[in-house]
There are 2 protein chains.
Amino acid sequence: MKIHNFYAGPCILPQEAIDETISALKDFAGTGISLASVSHRSKEFDAVMLEAETLFKELLDIPEGYRVIFLGGGASLQFAMVPFNLMNKKAVYLNTGVWAGKALKEATLFGEVVEIANAPAGDFSQIPTNFTIPTDADYMHITTNNTIYGTEIHRDIDCPIPLVADMSSDILSRPVDVKKYVLIYGGAQKNLAPAGVTFVIVKEAAMGKVNHKIPTMLNYLTHTKEGSMFNTPPVIPVYTALQTLKWIKKEGGVKEMYRRNLEKATLLYNEIDRNKLFKATIQGEDRSLMNICFVMNEEFVSLEKEFLKFVEERGMIGLKGHRNVGGFRASTYNALPKESVQALVDVMQEFEKMKA
Amino acid sequence: MKIHNFYAGPCILPQEAIDETISALKDFAGTGISLASVSHRSKEFDAVMLEAETLFKELLDIPEGYRVIFLGGGASLQFAMVPFNLMNKKAVYLNTGVWAGKALKEATLFGEVVEIANAPAGDFSQIPTNFTIPTDADYMHITTNNTIYGTEIHRDIDCPIPLVADMSSDILSRPVDVKKYVLIYGGAQKNLAPAGVTFVIVKEAAMGKVNHKIPTMLNYLTHTKEGSMFNTPPVIPVYTALQTLKWIKKEGGVKEMYRRNLEKATLLYNEIDRNKLFKATIQGEDRSLMNICFVMNEEFVSLEKEFLKFVEERGMIGLKGHRNVGGFRASTYNALPKESVQALVDVMQEFEKMKA
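The rules behind these values
- Residues numbered from 1 in each chain as written.
- Chains lettered and ligands numbered in written order.
- Predicted model: local features only at pLDDT ≥ 70, side-chain atom pairs only at ≥ 80, totals over all residues.
- Helix = DSSP H or I, 4+ residues; strand = E, 2+ residues; numbered from the N terminus.
- Rg over C-alpha atoms; globule rule 2.2 N^0.38 Å.
- Buried ≥ 20, exposed ≤ 12 C-beta atoms within 10 Å, placed from the backbone.
- Contact = placed C-beta atoms within 7 Å.
- Least-squares fit on C-alpha atoms with pLDDT ≥ 70 in both.
- Nonpolar A, V, L, I, M, F, W, Y, C, P; charged D, E, K, R; others polar.

Peer 1: How do you make sense of the overall build of chain A when you look at a structure like this?
Peer 2: In terms of helices and strands, chain A carries nine helices and 14 strands. For chain A, whose C-alpha radius of gyration is 21 Å, the value lies close to the compact-globule estimate of 21 Å for 356 residues. Buried positions account for 53% of the 356 residues belonging to chain A. Across chain A, the fraction of contacts at a sequence separation of at least 24, relative to all contacts at a separation of at least 6, is 67%.

If you want it as structure tokens, here you go:
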């Protein structure tokens, strides 16, 4: 049975990226040994790291004066690294969901945090609008895609202070105007790589401006100076990341990813809106193109488990919604083919015919 | 040509661990999807994480009251995490080489550091002896194996204050009396796994005693409470680590690893001591069983490059010594078979016949 992988992350990756990784685990770059057993100081792995940075810059059209580094520890470690490196006194956090909230909470260890959020508190059904950004803060932090609730900031906002973005779950899913940011980071385990590597795009001029001491491994300068090789990098996840970047380029780049993601999301949101059994939890322009959340309409809510079983029997995995939202979540990252979305739409219609 | 992998790390791993990883990258635990694409919250990966902790405890005979966790960021991040979690005012560091020195330097950001070292400073040819440990310090930190200079602390020292050990390069190479330590950590990329995962063995009673705030991801309690799943763990390296642990168990456990390591190291040191061309850089009981460093005898020093070429042409890689020491370094980790050491001994004898 064909498996359709709708996991929210770790999640589907391009099959070619996985196949190339398997091939390198057998024999890496003709060295006769496995990628798992090769020195990160070998010229062959050095070339991998260099190409990963170069290709990342090319695909996102990253301007001069920025570096791309690959670290361990996940985006959760970045929640501390960002204020360690950028906050002297005060920072602004746009609280758009669980992950944004975690980043915000971590920053409170380092100084004053101004929270921008919807009223009432805990309403994550839309991205806050009509807010004023205090211009005396060191930076403003946003989380561009809200994996749990299914909202997304679809544009690169104009910000009067340095802008920092967690793009863990929508990096490389659309073109980004990188020059509007001083820092973009993310756990790679959605659109880029297996779990275990974190990318950071950092403006060189933004570093080195804080008054406090930074632990060596938490200082971005440590890693930019050494080309992500200050210590042993996560070799296999970095290698797979490079294969994904190559796949994106071959498929037509980030613009083409965006076209496909828009097409997939439109297909699924249209079906959710049309189908008598379901309703989307997010309305309007903030709907995420990456994580599409929906629930049963009130009169059919008792069918939730049955529908989950119905889709699982048809090879669709990872569709159970996050416990904060309930219902269903279809994650439609870059590597998810349109065929998988179409298959889901088909079973939604089949289920509707049976039940509505 | 058969490749003999003498890299210092990342380095040779059991072929079975690599083969099992490749198999799981094709189809993980019968899920029909790749280990690279499976949710870390799936029941199948949950079982991997649990078994990795359990088997680690079994193999090292870790007593009750300790946890084993798997993190990202490498041992270098532990250099900061150790004082963050354990230092209130003062710590003692045994400076036995480059990595011990880095750990020590990081700790100076957090409080007073008492350094114990050989005189003259920078002499790493033996482990310091006859030192007094200040009993008012929060802990003492040692690095059990000195990868660069090739010395090793072969016993679990009696320490009047809590003992912390970086065992990055000799974990699982010999039995360890874990109850003598409050914390043992290491980057996994020597005897355990591909780069990208760090193990921490921590005594539960040692945590939560410092007066300062700890960033969430740097707090061991964050990870022990969540069974290494507070955030997304490095899935592939953890999986390979589990396969290595299974291989160690199957081969006879840590005692058998120690027997083999002693046998391999004795074979090579004996040849270095006998051969007219070479001499070991370390003498006596502190000789490492993991990293065996040697140079050309003075009258043959001009032959160094020729010997390196000679061994490389015979499939032996990773034998170039670290730039701090020069000459040659043969890393003889658990997974390196005796046959590879014998092959090296054979070419040393062949070269001797040609040149001496």
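Peer 1: Any chance you could explain the environment of Lys249 of chain B here in plain terms?
Peer 2: Positionally, Lys249 of chain B belongs in helix α6 (residues 235–251). Each C-alpha atom, one on Lys249 of chain B and one on Leu59 of chain B, is 7.0 Å from the other, the two residues being 190 residues apart in sequence.

Peer 1: I keep staring at the relation of the copies chain B and chain A and nothing clicks. Help me out?
Peer 2: Both copies of the chain are related by a screw-like operation: a rotation about an axis and a shift along it. When chain B is fitted to chain A, the best match, at an RMSD of 0.0 Å, comes from turning it 180 degrees and sliding it 0.0 Å along the axis. With respect to symmetry, the two chain copies, as superposed, fit the operation of a two-fold axis. Looking at the interface residues of chain B, 100% of them are also at the interface in chain A, so both copies use one shared face.

Peer 1: Looking at this model, I keep getting lost on the interface of chain B and chain A. Mind explaining?
Peer 2: Note: interface size is frequently given as the accessible area lost on complex formation between the parts. Contacts between the two partners involve 47 residues from chain B, matched on the other side by 47 residues from chain A. Contributing elements (two or more residues each) for the side of chain B that touches chain A: α1 (15–26), α3 (74–86) and α6 of chain B. Residue composition of the side of chain B that touches chain A, grouped by class: 25 nonpolar, 19 polar and three charged.

Peer 1: I tried to follow the environment of Ser169 of chain B on my own but got confused; where do I start?
Peer 2: Residue and element names in this part refer to chain B. Note that Ser169 resides in the loop between β8 (163–166) and β9 (183–187). The class of Ser169 is buried, set by 28 C-beta atoms lying within 10 Å. In sequence terms Ser169 and His40 are 129 residues apart; their C-alpha atoms lie 28 Å from each other.

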